[in-house]
Structure formats: C-alpha cells, structure tokens
Amino acid sequence: MKYLFNVFSRCYSYKPLQTFHFHANLPRNMIENSMFEEEPDVVDLAKDSTTFPALDPDEVTYEPRSSRLLVRGLGENDMDDDEEDCESSARLLGMSFMNRSSAHRSNSSPYTRQAPPRSCSRPSSRTIVVCVLFLVIVASMTMVLYFLPACTFTKAGCPKPNKTNPIEPVYPISTNGELFPWAQLRLPQSIKPLSYDLTLNPDLDKMTFTGRTVINMSILHSTNRIVFHGANLSITKATFMASDVTVLEYKPRQQLAVNFSEELKAGQYCVLTMEYSANFSNTYDGFYNSSYIDKDGNKRVLAATQFEPLSARKAFPCFDEPAFKATFLIKISRKKTYMTLSNMPKAKSTNLSNGLVQDEFEKTSVNMSTYLVAFIVANFTSITKNVSGTQVSVYSVPEKIGHTEYALTITSKLLEFYNNFFDINYPLKKLDLVAIPDFLAGAMENWGLITFRETTLLVGNESSLLEKQVVASVIAHELAHQWFGNLVTMRWWNDLWLNEGFATYMEYMSLQEVSPDLETVLRFRALDKDALSSSHAVSTDVNTTEQVEEMFDSVSYEKGASILLMLNASFPGDQQFRKGIIEYLKQFSGLNTDTDDLWNSLTQPTHHMNVSQMMTSWTSQKGFPLVTVNLMGNQVTLTQEHFLLTSDNTTHTSSLWNIPVTYVNDSCSLAPECRQVFTLKNKSDTFKLSKNVTWLKLNYKSTGFYIVDYGKDGWSALTEALSKNVSVLTHEDRASLIHNIFALSRLGRVTFRQVLNLQKYFSLETETSPVMEALLQLNNIYRQLEKRQESNLASRMKNFIRGTFRDLIANQTWDKEENVSKQELRSALLEMACSLNDENCTHQATSLFKKYKDSNGTIRIPGDLQQTVFTVAGQSDETWDTLFNMYVHATYDSEKRKMLKGLASTQNPQRLVQILSSGLRGSLIQTQELPLIISTMCQSFAGCLFAWDFIQENWDRLIEKFPIGSFAIQTIIKSVTSQSSTQAQLNKVQAFFSGLKERGSQMRSVQEALETIKLNRDWMDRNLPTLRRWL
C-alpha cells in the first residue's frame, strides 16, 4: 500500500516511518519500506541565483520532503517563519525566479521583458487615477444592474419572500420513473396500521417464497398517499379497497408508496392488499435460509427470520418502524416433513391441494412492532414445561436435543422471577426458545419465539458452570426484553438503550437472585469507548440506516446498564427503583416511549428526588466525568470535568454531570454501611468529613459511571494501603483503581511511574476482578509493543507479566474446578501464561490435549481450560490438523467455538489463509464466525497483518454478509486496529477507509479506530523511554 503525504501543508512535520521486516512468505502488506530519505529543512533560493538555469514554470519538478519546506528568497525580502506559504513547491520555485531583481537576470533569460519603443509620452499620475476611478464606477453599475432581479425596476416591485411556507421537498424518482411521494427516512404519521394478515409460501428447494399481505389501517390525518416499507420484494398485484393500484418503489430508502387522486380522509378505515415474490435472503437478516449436517451426513435445509432492526420489510410489505405497532395473523405453508413456528401458538393446520400443509397461528393477543415478528420452517424437536400457565419450549436440531435441558430449567426460573419482579405476568400463551444453526447475533427477543445461536442456548450436562453462566446470561437478557422492548418499546432507534440497557442490567440482577451459584458479576467496559470524541450520547440522533445499525454498541448496552446501576444505588432503600420500573411498565404497556417517560416514572415513587434532572445529563451528552479529589485534613474538594482522551480544549467547559459520588475511607471501607454519598452538581464543590482520614476511595464497588483522580498524594496513600493489606478495599474497588490509573495514564494526567508504583501490589492480588483487570491492561501494552516491532521491549514485557503473576499461576490446578470465580481466574491466568510461552503451561496443555485425542473425546477437558488447551494445540501443524478434524465433527457447541479460536491462533500463513477462506465461503466454518476468527487472529502480529490484508481484499463481500455499521463490522474494524500505534499503521487504515466512500467510510467505528490509533501512538511516544528504563 502506498503512503501519501501532503508535505506542503502548514504545521505538519513528518518523521521517517518505522521500518518493519517480515518473512518472505507473508502477504504483500506485511512488507514495509523505509519510505523517504531525509532532506534539508531549508531551501534558500536567494543564494547564488545566477547559478539557476532559466526554467519554464511547467517544467519545474519537485520531490516530497520528510520535513516541512521553508522557502526563502521570494523577491528582496525573506519570509518570516509565520509567513510560510502553503502553495506547492513548483509554484514557489516559479515565484522565486520571477521576483528576482533585474540585476540578477541574464539578458538571455526568457523572463527578461524587452522595453517597447516609445511613441508617446508617459501619462501623468492624475490622469491614471481618474481613468481607474471611472472604470471602477462603470464596472460597479454594470454588476448591480446584472445581478438585481428585473422586478426591482417595475412599478409593483419584487414580492416579499414568504417566510411562513416551508421549502418544497425535492421528491426522488421511483423505479418506474414516476416521482416518489416522500423524501424522508422516517415514514409520515398520517397512517396507522392496525393489523396484518400474512400468508407465506416458502420453497426450500428453489430458495424462494411468495406472500400475500393484507394491511388494515386507520387514516389519522387526511392524505393522498400511503408510504410504507419493502425491500427486494417483487410486487405482482396490489389492491386498495378492492381496486387495483400501482405500488411505487424507492430502493435507496427501501420505501414503497401508493398515490391517490382523491384525498383519504382522517377517520377512514382502509385495506391494502399486496401479493409478491422474493428470494430468501443470502445474509443473516430478513427471511433467510440456513442448513446443517445431520447425524447421517445429509444436508438439512431450514428457513428462519431476523428482523431487528430494519429487515421485516425484506419478508413482507409493512410499516417497519418501532412506533407502528399492530396485531399479526400469520399463515405458512410447508412440506409435511417440516414444522413451523411463529410468535403465537398454532391454531390449525390445513392440507392443501398441492400436497403441502398450511399452518395458521393465532392472531397476536398484543400489539407489537414489526421487528419482533418471527417465523421458522424447519424439522426441529423440543422439550417442554408449563411455567405459571405459559408453555415453555426449547427447540434444536434433533441431534442436539440432549443439550436443551439446562436452558429449559433456567428459563423456567427466570420467567417466574420476572413475573414477580415486574408485577406483570408474561402476556402470551407460549414461550419458545430456538437454537438456529446459522445465526449472526447472540440471540433475538422476538415475542414468544426467541431465537439463539446454538452456542448461546445449548449446553451439555457435563459443561462447566462458566459455560452455563454464558447461556444463562443470554437467556436472562432476552427474557427481560419481553417486558423492556416488547411490552414497552422505544419510539425510535435513538432510544435503543431503553431496550438494551435495561435488558443488560436485568440479566445480571436477575441471575444474582435466581442462580447465585453462577456468581454473575456486573463488569461493564463502556468507559473505554465513551472516552473517545467519536462516541455518542446514550440517546442521540439517528438519521440513516447505517446509524440505526451503529446504535447496537457498548454505549446502548453497557453504558445504559451502568447508569441504571448507578441510579439504583442512589435510591434510598431497596424497592424505590423497582417501584418506578413497575410504574413505567404499567403506564406504558403496549405503547412506545422515550427517555423522558422513564425518568418521569422513576421520579414518582421517590418524591424527594428529581430523577429527570439528575439523569438527563447522563443520557443527553456523550462521555462521562473525571472527578478529581483534593483531601486536606477533613475537608474534601471535588472537581468534575469531561474525561475526553482526544480533546480540542473546547469541550471541557460545557459538560457537567449530576454525579452521585459514593466514597469510603480508611476507617471504614468494606461493608455497605461504610458507603457515604455526596451529590456533585457543579464544576467544583466542597464538603467536610466528621474526622481527619488518611485516604478516600471514591465510587464504592464501582457502581458509578465515572473515573477518579486522587492526585499524587492520594494515589500514594492508596498504593501504600494496598501494599500493607490487599483486603483493605473490596475486590471491585481494587479493580476500579487499576482501571482508573491506566486510563489516567492514557489521558496524560498521571505519569507511567505512578502506574508502576500501583502495580507493585499486583503480585499480592488473588481475586478474579482485579487480576483480570491488571492482565487486560498489561497485555494491551505488550500487544502494542509487539505490533510496533519493539521485539526486545515486548520480550521483557512478557517476562514482567509472567513474573508478576508467577506464584498465582503456579497455584492453578488442571483438574475440574467447581467454583465459577476460580474457573474464570484460572482460565484467564493459564490462557495468558501459555500465550506468553510459559514452559510449564504449554507442557500441561499439550499433555491434556493428547489425552483428550487418544480417548476419542471420552475424557473431557474441563470447560474453563478448553480454550487454553485448544490454543496451544493450534500452534503446531500436526496438532492443528487434528484440532481441525475435531472441530468439523464436534457436537458440543461451546467446545466447538473454542476449537475455532484455537485454530485461528496459529502463526502458519497457509493455515490462516485456509481458515479465512473457509469462513468467507461458509464451507466447514460458518460465515457468522468470521468476526471471531479475525478477532482471534489479531491477538498476534502476523495474524493481524493477514486479517488486515483479507479485509481489504474482501471488503465488498464482507458488507454483503454483514450490514454496514452492524456489530459484526464494528468488531472486525476494532479487532484489526485497536492495538496499532504507529504513524505508518494510521496512514494505512486512514487510506483504506477513506477510499470506501459510501461503502463504509463514514461509520462511527472507523472514526473510533483512527482516534484509538492516534491515542496509542501518542501514549507510546510519551512512555517508551520510561518503559525501556523500567523493563
């Protein structure tokens, strides 16, 4: 890839690029050159001018400089540094020659003008001035007459501009050449759909389907058009109130429309009927086909749906926005060897004359948004249980029905819990959970028919508690959506967090009550993303389809959950938050809401607390606060500012948050009753403690969404306290201290020397949360050093990490472990140790894999150790082949995914190409796994370069499979860029994405990637000398 530098721009100084050296068999973009040689900083064109030959300006050539170009000698005066021109060097050189005095010019120079013969005397100065003035006046009058409208000189004059009428919209052209009667992304509000009658006829042999949609609607405001959605549907017939009509289509916005010569009057009830045909979607959205291989080796085909956020329109014409709720009556035809599922229970089945069977489902008993509609045609089997009057079933392919028991058990417990907690019973007769072989998302909360990846629903009886925790968390999340999202739905995608933030919060809270043995811990990482200037507010404008897709990110999910956790911790008593939630659900049941509706509902049970005033600052502006502490005796001064890693020095002053600051001190720091609260509303405020204390720890148990800087003395006091007694703070507080000091180092607020002072206590740490936080932060530095080709420093960093946790690693066993927290700790430690080539770790992992292979799978590897063992197996060509064969034939889905990560961790170029190609084709490795493969490959330097090359070569195919802005694309971009830290890497990423234009250049994830690389570069530039001395 070429590197294009604009060396003539003011204020840029380019340094020689980092030179990389790669093995010859690596891909083309793995070989870098040293680029440009250094050239003089100053070119003085005034010196010895007679030595320059006469040049035609068009013949002047120039070469790019690796430093700024200062040109002097323009005429008789040199330019000051502040007056440097931004023009090209060719033009500057031309100017320098033209402006020299005639004394320096040769008579033969083409730039020497010969004086013409004088035939008349020179005019006087007064004559020249008068002539110039006259010409200026004539020219000015001519321009005035030309530009003023003709009506200026009529008797009536020009009409005054109409300031009341809006500008007429420019309507686009539909596919048949007629004007399309709508020019906005969002649909007009003049029509309200009341009910849909859907008939679908899928053909799984031809991979096509036909359909008939009947929409009953109410006219809210008089109109002469109906605008709705449809994508990739071929409308064969359309009638309105039994009369044929023409359906117009505008493909860029996936909109359909019907025009009427006579106005539809408000209050009318109308019926629009359409017949159509379509192909199954070849991506993971809309009505798409999937397949799997059965136990006899036969390929089985099925069809399933995924409509969130904008894909119901790919299956049937509809008003495809969350606010257009309606009821649905669904009929699906099938072969007799198949079965069908939809949101509601089956009402009846009818034999058709063509040999097919038509299944008709009950009309939905609730109004719901189109993105929650779902249907499946397959040959699944199920297990069932009645829970409080609701028929709960878990479906899978027949070969995996033995892996459904745990899902049914935990679903039954969670359904009873939510019924009680929300004080509203689940409203449908049945609740199906279905494992789909090909499914991009983790799961989808379709009302009454929740769909899952096989890996997030199916788990064997022998699986570890850590594996069961993953399944339980996903189920808890999707069940919470049956209330938050389905019963009460956000009005538009700008408030997606009302769905996803709540479901994320409830998944943790519910499992702590329902299954405490899983030891589910709230551990959100949205702070890292939200510290970027490219982040967005929790509730933010959404004006394009790509922006809709991009809302499915950690801000909507994890920040949304984090501010709810903070709010709940701020309420007096345990039940105030729950009372507000119940009020919200009951008041808006079946309706659509925005963020203000939630805050108003939560304010009512508290009376003394204005929740809206407090929480609006957390949802209406991006980012979060940095709280700085100054402790003087018993007086505490708190100051807040925007924690923004990339700042233009103008964004800090306007951002203020209403912060419920919690704190403990050295006299009482562990028990909940030690916690005290101070609300910081202003830029700065002061309060007094009851007595002098040695130190304060803010953000008790990390329930607040902010970062704390304790100042040099404060950090020293906390570091000293931990060195003396690790248990002086809760493990959540120790983890937050580690996170905060690394974040402050990234911001430049603390020196890396202060970070190193705190890390001295790491060797004393034994708890899961702080150890995992420390491993994450140190590993990030190691990976950046590795990708910068700082091989010596990376090697020393590797030794430091191993040395810091040597004793803790040595204490880990390789046998079955029952405690979830210990499983999580062991998994993280051993995976890290083996990745850093710890000899004992790799020996144990190799031995365990051999036993597993020799037993033909009868000896199981403990679930929390599988990733470590399979990753080590992936490093050898011989065991890689064995692992790949195991992957192809594996039945345990969680185990299969860990095998895939092990395969993707290889350093063998041929293997990397093989696995990427297979994933792209969808042969042996499902295409849905490509984001996981790329993320795993990017843990190593060589693997990441292969992944980057693959992405550039196959970008168009990737965005065919994964929508632009989708979470899959976000994951891919972040994986290949997040640990880059050189200018050369930044240039490559910037050049590639800027060339994509409408194919992805404007994605928020691209801006995040560029910003992250710059931040990594700046941090490394500041701290490399310290790292060299320290290591």
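As a starting point, this report considers the structure included with it. (Residues numbered from 1 in each chain as written. Predicted model: local features only at pLDDT ≥ 70, side-chain atom pairs only at ≥ 80, totals over all residues. Heavy atoms only, no water.)

Side note on the overall build of the protein chain
(1) Moving on: Each helix and strand in the protein chain was counted, giving 28 helices and 31 strands.
(2) Moving on: Burial statistics for the protein chain: of 1031 residues in total, 56% are counted as buried.
(3) Moving on: When contacts within the protein chain are restricted to residue pairs at least 6 apart in sequence, long-range pairs at least 24 apart make up 71% of them.
(4) Moving on: Here the protein chain has roughly 46,500 Å² of accessible surface; of this, 50% comes from carbon and sulfur atoms. (Helix = DSSP H or I, 4+ residues; strand = E, 2+ residues; numbered from the N terminus. Buried < 20%, exposed > 50% of the residue type's maximum accessible area, 1.4 Å probe, protein only. Contact = heavy atoms within 4.5 Å. Areas by Shrake-Rupley, 256 points an atom, 1.4 Å probe, with all protein chains shown as cover.)

Regarding the packing of helix α24 (residues 930-937) against helix α26 (residues 967-977)
(1) Moving on: Put simply, α24 and α26 touch, their axes get as near as 9 Å, and they point 10 degrees apart. Judged on the interaxial angle alone, α26 and α24 are roughly parallel. Packed against α24, whose contacting residues are Pro931, Ile934 and Ser935, the element α26 presents Ala968, Thr971, Ile972, Ser975 and Val976 at the interface.
(2) Moving on: Across the contact of α24 with α26, the residue classes break down as five nonpolar, three polar and no charged. (Axes fitted to C-alpha atoms, helices over the stretch in contact; angles between N-to-C directions. Parallel < 35°, antiparallel > 145°, perpendicular 65-115°, else oblique. Nonpolar A, V, L, I, M, F, W, Y, C, P; charged D, E, K, R; others polar.)

Notes on the packing of helix α23 (residues 909-921) against α24
(1) Moving on: Closest axis-to-axis distance for the α23/α24 pair is 10 Å, and the angle between their directions is 160 degrees. Here α23 lies roughly antiparallel to α24, going by the angle between them. The way α23 lies across α24 gives a crossing that is left-handed. Residues Leu912, Ile915, Leu916, Gly919 and Leu920 of α23 form the contact with α24, whose participating residues are Leu930, Ile933, Ile934 and Met937.
(2) Moving on: Looking at the contact of α23 with α24 residue by residue, the classes come out as eight nonpolar, one polar and no charged. (Left-handed = near helix turned anticlockwise from the far one by under 90°.)

A closer look at the environment of Phe280
(1) Moving on: Residue position: Phe280 is located in the loop between β10 (269-279) and β11 (286-293).
(2) Moving on: In this structure the C-alpha to C-alpha distance between Phe280 and Asp203, which are 77 residues apart in sequence, comes to 9.1 Å.
(3) Moving on: Excluding anything up to four places from it in sequence, Phe280 contacts Pro202, Asp203, Leu204, Met207, Thr208, Phe209, Phe287, Tyr288, Asn289 and Ala303.

Side note on the state of the cysteines
(1) Moving on: Within the structure shown, the criterion is met by two disulfides.
(2) Moving on: The partner cysteine of Cys668 in its disulfide is Cys674, sulfur to sulfur 1.7 Å. Taking the sign of the S-S torsion, -70 degrees for the link of Cys668 and Cys674, the bridge is left-handed.
(3) Moving on: On the basis of relative accessible area, Cys668 is assigned to the partly exposed category, the value being 31%.
(4) Moving on: Residue pairing for Cys834: its cysteine sulfur links by disulfide to Cys841, the two sulfurs lying 1.9 Å apart. Judged by the sign of its S-S torsion, about -100 degrees, the bond between Cys834 and Cys841 is left-handed. Cys841 matches Cys834 in its accessibility class, with the two residues each being buried. (Disulfide = S-S within 2.5 Å.)

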